[in-house]
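Spelled out, the chains give:
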Amino acid sequence: RSWAVAEEKRAEKQQQLDSPRKAVPSTEASTEWTIKQYVDAFLKDKQTNNVGPDFVGALRGQLNRFEAFCTERGRFYPTTITKQDISDFRATWASGWQKWKLWSPLKRSKAQTNYRAFLKYCSRGDLLDCFTKIKYGQSKPKPLTQEQVKKLLAQIPKTFADSPNKVVRVSAFVKTAISLGP
């Protein structure tokens, strides 16, 4: 190649880096995995480790959201994700993700743990400190209403119909717990 061609390629690459929203994935064959490939592999890994389908479904939704965010910013490979990208992604949680507002702080913390695990899986441990701790307090127990107690006591003989001894023991346990209170 001539020097002029090399300078032209350099300028083109620099323009892609300067405006990531307009960047397009390279058409050249690459051995580096894309974020999408990592998402698929991570989900497969979770499935083969006997993680429940509900959890895998929730994880898929979370990671697809992350992958879409990165793609929109022109980040197709985990190696191109920056700390600023993570910070901007976290900023979208409160403003653009309606479900996030309804979640308890504990559930938000668990979702953040999933993102951290994914980044670790992508060998991007250097980004983990971008996820600051979400503070949450212990939730207070909510006592059963009188109607719920009656329904529970009525269900015990039906559930343990094959064992009268269990009916007596479980009923006594429930009544004792109710009488002691919270």
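Here the structure is a predicted model, which is why all the values come from computation and not from measurement.

> Just checking my understanding: could you explain the nonpolar core for this structure?
For soluble globular proteins, nonpolar side chains are generally found buried alongside one another. Counting 23 residues, the largest nonpolar core has Leu63, Phe66, Ile81, Ile86, Tyr115, Phe118 and Leu119 as its most contacted members. Those elements giving two or more residues to this core turn out to be α2 (35–48), α3 (53–72), α4 (83–96) and α6 (105–121). At six residues, the largest contribution of residues to this core is made by α3. Aside from chain neighbours lying at most four places away, what touches Leu63 is Val39, Phe42, Leu43, Tyr115 and Phe118.

> Even after reading the chapter, I still don't get unusual backbone geometry, so can you show me in this structure?
If a residue is not glycine, its phi is most likely negative; likewise, a peptide bond is most likely trans. Non-glycine residue Asn50 carries a positive phi angle of around 60 degrees. By the secondary structure assignment, Asn50 is in the loop between α2 and α3. Overall, Asn50 belongs to the exposed group, its relative accessible area being 73%. One non-glycine residue, Ser123, lies in positive phi territory at about 60 degrees. Looking at Ser123, the relative accessible area reads 61%, which means it is exposed.

> It is not clear to me how the environment of Arg108 should be interpreted in this structure. Could you clarify?
Here Arg108 lies in helix α6. Take Arg108: its relative accessible area is 24%, and that puts it in the partly exposed class. Considered as a pair, Arg108 and Lys135 are 27 residues apart in the sequence and their alpha carbons are 9.7 Å apart.

> Can you walk me through α6 in this structure?
Think of an α-helix as 3.6 residues a turn; residues three or four steps apart then line up on the same face. Compared with an ideal rise of 1.5 Å per residue, which puts 17 residues at 24 Å, α6 spans 24 Å between its outermost C-alpha atoms and is within 8% of the ideal. Buried within α6 are the following residues: Ser109, Ala111, Gln112, Asn114, Tyr115, Phe118 and Leu119. Directly beyond the C-terminal end of α6, a positive phi value near 60 degrees is found at Ser123.

> I tried to follow the confidence of the model for the protein on my own but got confused; where do I start?
The predicted coordinates should not be examined in detail at positions where pLDDT is low. For the protein, the mean per-residue pLDDT works out to 80, and 82% of the residues sit at or above 70. Element-level mean pLDDT values for the protein span from 63 in helix α5 (residues 98–102) up to 92 in α2. Below a pLDDT of 50 lies the segment residues 20–24, which in the model reaches 10 contacts outside its immediate sequence neighbourhood of four places, other chains included.

> Got a minute to help me understand the packing of α2 against α6 in this structure?
How two helices pack is summed up by the angle between their axes together with the distance between the axes. Interaxial distance between α2 and α6 falls to 10 Å at its minimum, and their mutual angle equals 110 degrees. The pairing of α2 with α6 is recorded here as roughly perpendicular in orientation. In contact with Ile35, Tyr38, Val39, Ala41, Phe42 and Asp45 of α2, α6 contributes Ala117, Phe118 and Tyr121.

> Explanation requested: the state of the cysteines in the structure shown.
Structurally, a disulfide amounts to a covalent bond that connects the sulfur atoms of two cysteines. Summed over the entire model, instances satisfying the criterion amount to zero disulfides. The structure places no disulfide on Cys70, whose sulfur is separated from the nearest cysteine sulfur, that of Cys122, by 9.3 Å.

> In this structure, what is going on with the pattern of salt bridges? I would like to understand it.
Once their charged atoms are close, side chains differing in charge can pair, the charge on each being opposite to the other. Applying the stated criterion to the full structure yields six salt bridges. Two residues, Asp40 and Lys36, come together in a salt bridge whose shortest N-O distance is 3.6 Å. Separated by four residues within a single helix, Asp40 and Lys36 lie in helix α2, roughly one turn from each other. With a relative accessible area of 36%, Lys36 lands in the partly exposed category. Each of Arg73, Arg75, Asp85 and Asp88 takes part in a single network of salt bridges with overlapping partners.

Cut-offs applied
Residues numbered from 1 in each chain as written. Predicted model: local features only at pLDDT ≥ 70, side-chain atom pairs only at ≥ 80, totals over all residues. Heavy atoms only, no water. Core = buried A, V, L, I, M, F, W, Y, C linked by side-chain atoms within 4.5 Å. Buried < 20%, exposed > 50% of the residue type's maximum accessible area, 1.4 Å probe, protein only. Helix = DSSP H or I, 4+ residues; strand = E, 2+ residues; numbered from the N terminus. Contact = heavy atoms within 4.5 Å. Expected span 1.5 Å × (residues − 1). pLDDT = per-residue confidence, 0-100. Axes fitted to C-alpha atoms, helices over the stretch in contact; angles between N-to-C directions. Parallel < 35°, antiparallel > 145°, perpendicular 65-115°, else oblique. Disulfide = S-S within 2.5 Å. Salt bridge = Lys/Arg side-chain N within 4 Å of Asp/Glu carboxyl O.

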